[in-house]
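Overview (structure and organization)
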Amino acid sequence: MTQATKHKKENSQTLTLMVDGASCSSCVMKIENSLKAVSGVENASMNFADRTVTITGSVESAALIDAVKAAGYAASLPSTENDDELLEEKERSDEAYYKHLIRDTTIALGLGVPLMLYGLITGDMNVQTSLERLAWLAIGLLTLGVMIFSGKHFYVGAWHSFKNHSANMDTLIALGTGTAWLYSMAVVSAPAIFPEMARHVYFEATAMIIGLINLGLALELKARGRTSEAIKRLIGLQPKTARVVRDSKEVDIDIKDVRLDEIVRVRPGEKIPVDGEISEGTTTIDESMLTGEPMAVEKKIGDRVSAGTINKSGSFLFKAEKVGKDTMLAQIIGMVKRAQNSKPPIGRMADVISSYFVPVVMIIAVVSALVWLNFGPEPTVAFAIISATTVLIIACPCALGLATPMSVMVGVGKAAEAGVLIRNGEALQTASKITAMVLDKTGTITEGVPAVTDVITTGDRNEDEILRLASSLEAGSEHPLALAIVESAQKRDIKQAKISGFDAISGQGVKATLDGLELLFGNQTLMQENAVAIDDYIDKAQALATQAKTPMYFAVDNKLQAIIAVADPIKKDSIAAIKRLRQQGIKVIMLTGDNRDTAKAVARLAGVEDFFAEVLPGQKAEKIKELQARGEIVGMSGDGINDAPALALANVGFAIGTGTDVAIESADVTLMRGSLHGLADAIAISKATLRNIKQNLFGAFIYNIAGVPIAAGLLYPWIGVLLNPVIAGAAMAFSSLTVVSNANRLRLFKANTH
Amino acid sequence: MLIINIAGLALIALIVWWFWLYKPKEAVLTDSDIVIKVENGVYQPSRLKIAADTPMTLYFQRMDPSPCAETVQFPDLEISATLALNEKVPIAIPALAPGKYAFHCQMQMYKGELHVE
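Quantities reported herein were computed from a predicted structural model and do not represent experimental measurements.

Definitions and cut-offs
Residues numbered from 1 in each chain as written. Chains lettered and ligands numbered in written order. Predicted model: local features only at pLDDT ≥ 70, side-chain atom pairs only at ≥ 80, totals over all residues. Heavy atoms only, no water. Helix = DSSP H or I, 4+ residues; strand = E, 2+ residues; numbered from the N terminus. Rg over C-alpha atoms; globule rule 2.2 N^0.38 Å. Buried < 20%, exposed > 50% of the residue type's maximum accessible area, 1.4 Å probe, protein only. Contact = heavy atoms within 4.5 Å. Buried area = accessible area lost by both parts, 1.4 Å probe. Salt bridge = Lys/Arg side-chain N within 4 Å of Asp/Glu carboxyl O. Polar contact = N/O pair within 3.5 Å; in protein donor to acceptor, adjacent residues only side chain to side chain. Nonpolar A, V, L, I, M, F, W, Y, C, P; charged D, E, K, R; others polar. Phe/Tyr/Trp six-rings, centres within 6.5 Å; stacked < 30°, edge-to-face > 60°. 1 Å grid on protein atoms, 1.4 Å probe; cavity = no way out; pocket = protein on both sides within 12 Å on 5 of 7 lines; lining within 4 Å. Points joined across faces, edges and corners; volume = space filled by probe spheres on them. Disulfide = S-S within 2.5 Å. pLDDT = per-residue confidence, 0-100. Pairing = 2+ DSSP bridges. Axes fitted to C-alpha atoms, helices over the stretch in contact; angles between N-to-C directions. Lys, Arg positive; Asp, Glu negative; His and termini not counted. Patch = residues over 30% accessible without salt bridge, like charges linked within 9 Å, V, L, I, M, F, W, Y side chains within 5 Å. Areas by Shrake-Rupley, 256 points an atom, 1.4 Å probe, with all protein chains shown as cover. Parallel < 35°, antiparallel > 145°, perpendicular 65-115°, else oblique.

What follows is about the overall build of chain B. Of the regular secondary structure elements, chain B holds one helix and 10 strands. Moving toward the C terminus, one meets the helices and strands of chain B in the order α-β-β-β-β-β-β-β-β-β-β. Its C-alpha atoms give chain B a radius of gyration of 17 Å, clearly above 13 Å, the size a compact globule of 117 residues would have. Judged by the C-alpha coordinates and their principal axes, chain B covers about 55 × 35 × 25 Å. For chain B, with 117 residues in total, the buried portion stands at 51%.

Written out as structure tokens, the structure reads:
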């Protein structure tokens, strides 16, 4: 990957190589010198700790790799970008492993099923005659073959873990099946030492358990594949080639070879290969894959485009600004991957339990066998062996271990599809528990761009004429409300005229002269001080104020001509999204610098139940603290830059981006879509994921807590039931499959995309 | 019967000692390349002693195709990496304060520990 991060000279770039085989600090100098000797290299500096070398200069990466090789080491471009190759590789190896497991299953069940049927039909698995001994000996050896062929990985794994003083699922399976087989072989070899009733063989159990557990693993592998669908889709967005302009010619090159500042051509229907800025042409781009926003976005010269999004209409050129792992898409993939592998605190309990689980189960198996031997009915040996085997087989640490990560994997992936990037498991869990959501008014609830909403004419001039005069007057002012007037005029193609004698009266408005006309524009005080009659219109102005608009009076030659109202309109979908948040049981609180009246009106219109008005930017964090002191779990949403302290202080900070122009990882949760629906989606996905984790954990706990005692024979004294080891094997094999399948149900979650 | 009971209790004691009480020795890491093999249910080596305040790179080489072995996590360091099969995957460990830092697979079947001194 040409991971150029900054430019020094024309054509000079910085790139990073991974170096392998550097075993001592003295290698550093050798590698650096070998690189510096390559023509075109300005500097090479190696970071020994992470085995990377950073090279500045204008040279192809292949020449650099060769130079490192010549010095006796191996070098490669950082591999993180080859996500799609890694994925293909993983799918290939998973497929091969699946086939392997299915083959093992077939062989083990091929022996186990007929044996079990024989036992069920004849009810005779005992060793009585010498002919039976011979037949069972042959079957015992066949079973040994199955154990070696289909179950080798369990025994080898168990042995290695044992040597390392650790125990895992392999240990339990190896001990369980091994015990059953050894007991059966002992019965076959020396039946005389066992009481007549205890001369039973359990070869079918050994073969069946190995077969069923392999089958469970195979099905689990398939189900696991589905849990990573979201990340696969993201990785699949990355195009493989790019069309760049080199020496005035357009050539298709590998995506890895796109350099910074290179001009890239994108034709209609093509994917954008890297991040950059449009330098020629206009188009519309579908960014839904990154932002979850289904509407295509119009782009013109100077606008940013992101890798992985699709060019819908025009052909355009853009300058590559971010390539390789610096693109927005690569960052999203990286973040989703990290988040998918992180664990919410709720899973830690299961981790602690898993770390003690296997040895505890082994102890229970021994205790159970001793109890049967001491207090059980005849044949005590057979009962002791069955109960110990069944306890070892039924216990499933995997279900417990898988409960949390599988749900997180699916939940975080699903969120990413909706344009919601969750930083880690902790953020996911806390987001599900939020009780109060603080929303910044400007830009979050509202568009953030004030606009003219009403022009009420009160004289003989029409709207266009009023806007022409008012915008000419306001053109010199930098007040946001003035900008709204000027913009409104521009939209109607109204040209501003030249004014003279401009004067801004602080806290009141502005005045100037145009073509001999005295223009006045401002609030009630300004009008009254200039003796403009407005009494008949005060009610109208008030009515506008209660609609969350700011009314202003416009007079010409001291005669009122119009009331112009400006408002920062509430985003189209804010009201619906806020309603969704409230339906989820969350208190929605608006934060604004506006005065109480406007704040109250905006809050009412947006459906927000509570608000903090007249909050200075620096006071936002205090308001969060205030809510937390009341015992609320507070979510705060903002733009991630100006609101950083408040976002950091909140229990969960949500950074709301506009399109793809957002600093990822600036908050606990990043919403790629400007819409507040992203927020409601984030909460809904977190809640659904946490619910799923709880179901999984509950299921896994109950399974083990109920299964192990039943396997030990707890029910025997009351209802005479002792679990068959084969049933225990089936239960164990399918318990982890159930967990993975339940996690996969989260894939059905539907985000609200309008 | 007495002998069997004593043997049973001894077996329990052995399980407790072997899996919980016994502390196996640690592999000491110098600045040479270290490759941790992920195979047969264990990280090899699984207990590593490294120097404090020194960033370093650990290479994980996964030989076990089962999906359990696929992820290695260092929960205290917020590191989580996917291990490609049969490849040495570098994992950069930042400079750490002295202490013990566990690493494991998602299901905690593979377990290891960094002992920072």
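More follows now that the structure is in view.
Next up on the list: the environment of T54(A). Residue and element names in this part refer to chain A. If you trace the backbone, T54 turns up in strand β3 (residues 52-57). The class for T54 is partly exposed, based on a relative accessible area of 30%. For the pair T54 and T16, spaced 38 residues apart in sequence, the C-alpha to C-alpha distance is 4.5 Å.

The step from E378(A) to P379(A) runs through a cis peptide bond, and the omega angle for that step is -15°. Mapped onto the secondary structure, P379(A) falls in the loop between α11 (348-375) and α12 (380-394). Following Q44(B), the chain continues to P45(B) via a peptide bond in cis, the omega torsion being -5°. Along the polypeptide, P45(B) turns up in the loop between β3 (42-44) and β4 (47-50). Unusually for a residue other than glycine, N40(B) sits at a positive phi of about 50°. Along the polypeptide, N40(B) turns up in the loop between β2 (35-39) and β3. On the basis of relative accessible area, N40(B) is assigned to the partly exposed category, the value being 24%.

With respect to the helices and strands, the residue D104(A) is situated in helix α3 (residues 83-122). In contact with D104(A), not counting residues within four places along its chain, are F149(A), S150(A), H153(A) and N214(A).

Time to look at the interface of chain B and chain A. Size of an interface: often given as the accessible area lost when the parts come together. The partner chain A presents 52 residues to the 47 residues of chain B that form the contact. A buried area of about 4400 Å², summed over both sides, lies between chain B and chain A, and 59% of it is on carbon and sulfur atoms. Applying the counting rule to chain B against chain A returns one salt bridge. A salt bridge links E70(B) to K90(A), with the shortest nitrogen-to-oxygen separation between them at 2.5 Å. In this assembly, chain B and chain A are joined by five residue pairs in polar contact (both at pLDDT 80 or more). Those elements that place two or more of their residues in the side of chain B that touches chain A are α1 (2-21), β3, β5 (56-62), β6 (71-74), β7 (79-82) and β8 (88-93) of chain B. For the side of chain B that touches chain A, the element with the most residues is α1(B), which contributes 11 residues. Here the side of chain B that touches chain A is composed, by residue class, of 26 nonpolar, 16 polar and five charged.

Turning our attention to the packing of aromatic side chains. With the rule as written, the count across this model stands at 22 aromatic pairs over all chains. Aromatic side chains Y183(A) and Y202(A) sit 6.0 Å apart centroid to centroid with 35° between the ring planes, which places their arrangement in the tilted category. Of the two residues, Y183(A) is situated in helix α6 (residues 169-189) and Y202(A) in the loop between α6 and α7 (203-227); the sequence distance between them amounts to 19 residues. Judged on exposure class, the residue Y183(A) and its partner Y202(A) are both buried. Residues F74(B) and F103(B) carry aromatic rings whose centres are separated by 5.0 Å and whose planes lie at 25° to one another, so their mutual orientation is stacked. Placement of F74(B) in strand β6 and of F103(B) in strand β9 (residues 99-104) is noted, with a sequence separation of 29 residues between them. Take F74(B) and F103(B): they sit in the same class, and that class is buried. Among the aromatic side chains, those forming a connected cluster through ring pairs are W159(A), F162(A), W17(B), W18(B), F19(B) and Y22(B).

With that settled, consider the environment of L35(A). All names here are of chain A. Within the element layout of this structure, L35 appears in helix α1 (residues 26-36). Classification of L35 by relative accessible area gives buried; the value is 0%. Taking the C-alpha atoms as reference, L35 lies 55 Å from K694; in sequence the two are 659 residues apart. Not counting residues within four places of it along the chain, the set of residues in contact with L35 comprises V41, A44, V53, I55, L64, A67 and V68.

Moving on: the pattern of salt bridges. Residues and elements named next belong to chain A. Per the counting criterion, the structure on display carries 33 salt bridges over all chains. The salt bridge involving R224 is made with E220; its shortest N-O contact spans 3.2 Å. Taken together, the positions of R224 and E220, both in helix α7 and four residues apart, correspond to about one turn of that helix. Both residues of the pair, R224 and E220, count as buried. For R233, the salt bridge goes to E417, with nearest N and O atoms at 2.6 Å. In this pair, R233 sits in helix α8 (residues 229-236) while E417 sits in helix α13 (residues 397-417), placing the two residues 184 residues apart along the sequence. Linked through salt bridges whose partners overlap, the residues forming this network are E229, R233, K414, E417 and R747.

Here we take up empty space enclosed by the protein. Residues and elements named next belong to chain A. Applying the stated rule across the entire model yields one cavity of 30 Å³ or more. Forming the walls of the largest cavity are M169, I213, G216, L217, E220, M732, A733 and S736. Elements with a contribution of two residues or more to the lining of the largest cavity: α7 and α26 (725-744). Sort the elements by how many residues they give to the lining of the largest cavity and α7 lands first, with four residues.

Residues and elements named next belong to chain A. Tallying each qualifying case throughout the model produces zero disulfides over all chains. The thiol of C398 is not disulfide-bonded; the next cysteine sulfur, from C396, is found 4.6 Å away. Accessibility expressed as a relative area gives 2% for C398, which makes it buried.

Residue and element names in this part refer to chain B. Overall, the prediction assigns chain B a mean pLDDT of 84, with 95% of residues at 70 or greater. Put simply, strand β1 (residues 27-28) is where chain B has its lowest mean pLDDT, 70, and α1 is where it has its highest, 92. Predicted complex, confidence summary: ipTM 0.84, pTM 0.78.

All names here are of chain B. Spatially, four strands are ordered β3-β2-β5-β8 in an open sheet, and the strand pairing comes out mixed. Strands at the two margins of the open sheet, each flanked by one partner only, are β3 and β8. Neighbour-to-neighbour, the strand axes of the sheet open up by a mean angle of 25°, direction not taken into account. With six bridges joining them, β5 and β8 adopt antiparallel strand pairing. Across the sheet, L58 pairs through a bridge with I91, a residue of β8.

Before going further, it helps to spend a moment on the side chain of E204(A). All names here are of chain A. Considering the arrangement of structural elements, one finds E204 in helix α7. For E204, which is buried and forms no salt bridge, the nearest opposite charge comes from R199, at a distance of 17 Å. In this structure E204 touches G112, L115, M116, M125 and V726, once residues within four positions along its chain are discounted.

With that settled, consider a nonpolar patch on the surface. On the surface, L714(A), L715(A), W718(A), I719(A) and V721(A) cluster together to form a nonpolar patch covering roughly 540 Å² of accessible area. Relative to the assigned elements, W718(A) resides in helix α25 (residues 716-719).

All names here are of chain A. Strand order in the open sheet formed by six strands is β6-β5-β7-β13-β8-β11, with antiparallel pairing between adjacent strands. One side of each edge strand has no neighbouring strand; the edge strands of this open sheet are β6 (249-254) and β11 (304-305). Here two bridges tie strand β8 (residues 275-280) to β11, and the two strands are oriented antiparallel to one another. Considered in β11, the bridge of E277 is made with R304.

All names here are of chain A. Contact geometry of α7 with α26 gives a least axis separation of 8 Å together with a crossing angle of 5°. What the angle tells us is that α7 and α26 run roughly parallel. Among the residues making up the contact of α7 with α26, the classes are represented as 16 nonpolar, five polar and four charged.

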